[in-house]
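# Overview (structure and organization)
Listed below are the residues making up each chain.
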Amino acid sequence: WDVSSASFVDSFSIASQDGMPSGVAFGKSGEKMFVVGNDNDSVFEYTLATAWDVSSASFVDSFSIASQESSPSDLIFSKSGEKMFIVGNNGDEVNEYTLATAWDVSSASFKHSFSVASQDIFPTGIAFSKSGEKMFIAGAKGDDIIEYTLAAAWDVSSASLVDSFSVASQESSPMGIAFSKSGEKMFVAGNDNDS
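Calculation rules
- Residues numbered from 1 in each chain as written.
- Predicted model: local features only at pLDDT ≥ 70, side-chain atom pairs only at ≥ 80, totals over all residues.
- Heavy atoms only, no water.
- Helix = DSSP H or I, 4+ residues; strand = E, 2+ residues; numbered from the N terminus.
- Rg over C-alpha atoms; globule rule 2.2 N^0.38 Å.
- Buried < 20%, exposed > 50% of the residue type's maximum accessible area, 1.4 Å probe, protein only.
- Contact = heavy atoms within 4.5 Å.
- Lys, Arg positive; Asp, Glu negative; His and termini not counted.
- Charge placed at Lys NZ, Arg CZ, Asp CG, Glu CD.
- Pairing = 2+ DSSP bridges.
- Axes fitted to C-alpha atoms, helices over the stretch in contact; angles between N-to-C directions.
- Patch = residues over 30% accessible without salt bridge, like charges linked within 9 Å, V, L, I, M, F, W, Y side chains within 5 Å.
- Areas by Shrake-Rupley, 256 points an atom, 1.4 Å probe, with all protein chains shown as cover.
- Salt bridge = Lys/Arg side-chain N within 4 Å of Asp/Glu carboxyl O.
- Core = buried A, V, L, I, M, F, W, Y, C linked by side-chain atoms within 4.5 Å.
- Phe/Tyr/Trp six-rings, centres within 6.5 Å; stacked < 30°, edge-to-face > 60°.

On a plain count of helices and strands, the chain comes out with zero helices and 14 strands. Mapped from its N terminus to its C terminus, the chain presents α and β elements in the order β-β-β-β-β-β-β-β-β-β-β-β-β-β. In terms of overall size, the chain behaves like a compact globule, its C-alpha atoms giving a radius of gyration of 16 Å where 195 residues would be expected to give roughly 16 Å. Expressed as lengths along the three principal axes of its C-alpha atoms, the size of the chain is roughly 40 × 40 × 30 Å. Split into buried and exposed, the 195 residues of the chain put 46% on the buried side. Sequence-distant contacts in the chain: of pairs separated by 6 or more residues, those separated by 24 or more amount to 37%. Positive and negative charge centroids in the chain, built from 10 and 27 side chains respectively, lie 11 Å apart.

Next up, the structure:
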C-alpha cells in the first residue's frame, strides 16, 4: 500500500476494443479484468491466464451502456460480482446493473441510477467500502472526494450524502479513487499532475 515503492511491470493494449479507456476493475480472484471505454460506451471483459497479470489477458465479451451513459468515466463491482456500477460525467450519475451470472458482463441488465449532480457535475471515479455501505465519488469539477452512505448495501438508490474531502492541493483534476482493504489508505489518480 505504499505507492512510493512502486515499479513498472507490464502493460496490455485494449486498442482493438476501445481507443479511450476510462476505468478498470478486476474480479476478486484477479482472473478477470473489466475496462469501460469512452469511445464505444461499453464495458469490456477479459480473462487473465495468470491472475493479476495483465500481459496474460484475452478479450471475452462486451456490454453496451450507451442507453444510460455516453461518457463513462469509471466502473466497479460488488464483492460478489453480481452488481456493476458505472459513473459517468454526461449524466452526472452512478448507474447500477445486476449480473445474472457473477463477473459476466454479457448477463448485465440496468437496474437504476443515482444522481451526484448536486455534489459534482464532472464525476470521474468511484469506489465502495468492502461492506458496500459506503460509496465514494471523485469529482473533477470540485476537486474532491465525496462520501455517501447506503442504507441498503450495494444499492445506490439508497445513497445519501455524508461529506467531502478536497484534494485540490494535490490535484485539480482527480480521475480515479481506490482504498486499501482496511479503508485506512486512500489513493487518487490525477489528470493534471499525472500522478
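Moving on: the sheet that holds strand β7 (residues 93-99). One open sheet holds the four strands; their spatial order is β5-β6-β7-β8, and the pairing between them is antiparallel. Both outer strands of the open sheet, β5 (72-77) and β8 (108-115), are each paired with one neighbouring strand and no more. Direction aside, the axes of adjacent strands within the sheet are offset by 25° on average. Pairing between β7 and β8: seven bridges, direction antiparallel. Pairing of L99 across the sheet is with A108, part of β8.

At W52, a position not held by glycine, the phi torsion is positive, near 65°. The topology assignment puts W52 in the loop between β3 (42-48) and β4 (57-64).

A cluster of basic residues, K28, K79, K130 and K181, forms a positive patch at the surface. Overall, the relative accessible area of 52% leaves K79 in the exposed class.

Attention now moves to the sheet that holds strand β11 (residues 144-150). One open sheet accounts for four strands, arranged β9-β10-β11-β12; its pairing is antiparallel. The open sheet is flanked by β9 (123-128) and β12 (159-166), the only strands paired with a single partner. Between one strand axis and the next, the sheet turns by 25° as a mean value, whatever way the strands run.

On to the pattern of salt bridges, then. Counted according to the given criterion, the structure contains three salt bridges. E96 is the salt-bridge partner of K83, the closest N and O atoms lying 2.7 Å from each other. Here K83, found in strand β6 (residues 83-88), pairs with E96, found in strand β7; they are 13 residues apart in sequence, far enough to count as distant. An identical accessibility class is assigned to K83 and E96; each is buried. A salt bridge links K134 to E147, with the shortest nitrogen-to-oxygen separation between them at 2.7 Å. With K134 in strand β10 (residues 134-139) and E147 in strand β11, this residue pair connects regions lying 13 residues apart in the sequence. Looking at K134, the relative accessible area reads 33%, which means it is partly exposed. A residue is classified by how much of its surface remains accessible, and E147, at 19% relative accessible area, is buried.

Nonpolar side chains in soluble globular proteins generally cluster together in the buried interior. One finds F85, V94, I126, F128, M135, I137 and Y148 to be the most contacted residues of the largest nonpolar core, which totals 16 residues. Among the elements of the structure, β6, β9, β10 and β11 are those that each provide at least two residues to this core. Contact partners of M135, with chain neighbours within four places excluded, come to V94, F114, I126, A127, F128, I146, E147, Y148, L150, V156 and A159. Ranked by size, the runner-up nonpolar core spans 15 residues in total, among them V43, I65, L75 and I86.

This part covers the packing of aromatic side chains. Counted according to the given criterion, the structure contains 15 aromatic pairs. For the pair F12 and Y46, a centre-to-centre distance of 5.6 Å together with 85° between the ring planes defines the contact as edge-to-face. Note that F12 is positioned in the segment before β1 (21-26) and Y46 in strand β3, a separation of 34 residues in sequence. Its relative accessible area of 27% is what places F12 among the partly exposed residues.

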